[in-house]
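Breakdown of the fold
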Amino acid sequence: FTKVVDLGVHAHTLYSANSNNYLYSSGLSVGLQLARNVWLSLGYNVDGFDDRDFSAAGYTAQGPYLQFRMKFDQDTGAEIMNWLN
C-alpha cells in the first residue's frame, strides 16, 4: 500500500507423510511499520489449523491473530551499537 502500511494474503499447507494428511490455513493481514525493520500485523484466517508441535505459531489457527516481526542482520547490529554510543 505505502511505505508504512502493507496488505497481505497468505496460505499455508501442512503435510504429514506418515498419515498422508493435509491441513490448510488461509487469510488476510494488514501490517504497520512501527520503525525500520519492525512490523506489527493484524490478520484473520478464514481457514486454519492447530499444530501441537508448533503451538507458538498461532498465526495458522482459524480466527484473528496479532503478529510482531523484527529483522536483525549485520547492519541492524551496527546501527544499535552506533545508537548506544
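The text that follows walks through the structure, step by step, so that each part is easy to find. (Residues numbered from 1 in each chain as written. Predicted model: local features only at pLDDT ≥ 70, side-chain atom pairs only at ≥ 80, totals over all residues. Heavy atoms only, no water.)

With that settled, consider the packing of aromatic side chains. Within the structure shown, the criterion is met by two aromatic pairs. Pairing Tyr15 with Tyr22 gives two aromatic rings, centres 4.6 Å apart and planes at 40°, and the pair type is tilted. A residue is classified by how much of its surface remains accessible, and Tyr15, at 42% relative accessible area, is partly exposed. Owing to a relative accessible area of 43%, Tyr22 belongs among the partly exposed residues under this scheme. In this structure an aromatic cluster arises from ring pairing among Tyr15, Tyr22 and Tyr24. (Phe/Tyr/Trp six-rings, centres within 6.5 Å; stacked < 30°, edge-to-face > 60°. Buried < 20%, exposed > 50% of the residue type's maximum accessible area, 1.4 Å probe, protein only.)

The next subject is the pattern of salt bridges. Throughout the structure, instances matching the rule amount to one salt bridge. In this structure, Asp73 engages Lys71 in a salt bridge whose closest nitrogen and oxygen atoms are separated by 3.4 Å. The partly exposed category is assigned to Asp73, whose relative accessible area is 25%. (Salt bridge = Lys/Arg side-chain N within 4 Å of Asp/Glu carboxyl O.)

Now for the environment of Ala61. Within the secondary structure, Ala61 sits in the loop between strand S3 (38–47) and strand S4 (63–70). A sequence separation of 16 residues divides Ala61 from Asn45, and the C-alpha atoms of the two residues are 6.8 Å apart. Residues within four places of Ala61 in sequence aside, it is in contact with Asn45, Gly48, Phe49 and Asp50. (Helix = DSSP H or I, 4+ residues; strand = E, 2+ residues; numbered from the N terminus. Contact = heavy atoms within 4.5 Å.)

Read across the open sheet, the four strands follow the order S1-S2-S3-S4; overall the sheet is antiparallel. Strand pairing shows two members of the sheet lacking a second neighbour, strand S1 (5–16) and S4, which therefore form its edges. Strand-to-strand, the axes of this sheet are offset by a mean angle of 30°, without reference to chain direction. By the bridge criterion, 12 bridges tie S1 to strand S2 (residues 21–35) in an arrangement that is antiparallel. Bridge pairing in S2 places Val9 opposite Leu28. (Pairing = 2+ DSSP bridges. Axes fitted to C-alpha atoms, helices over the stretch in contact; angles between N-to-C directions.)

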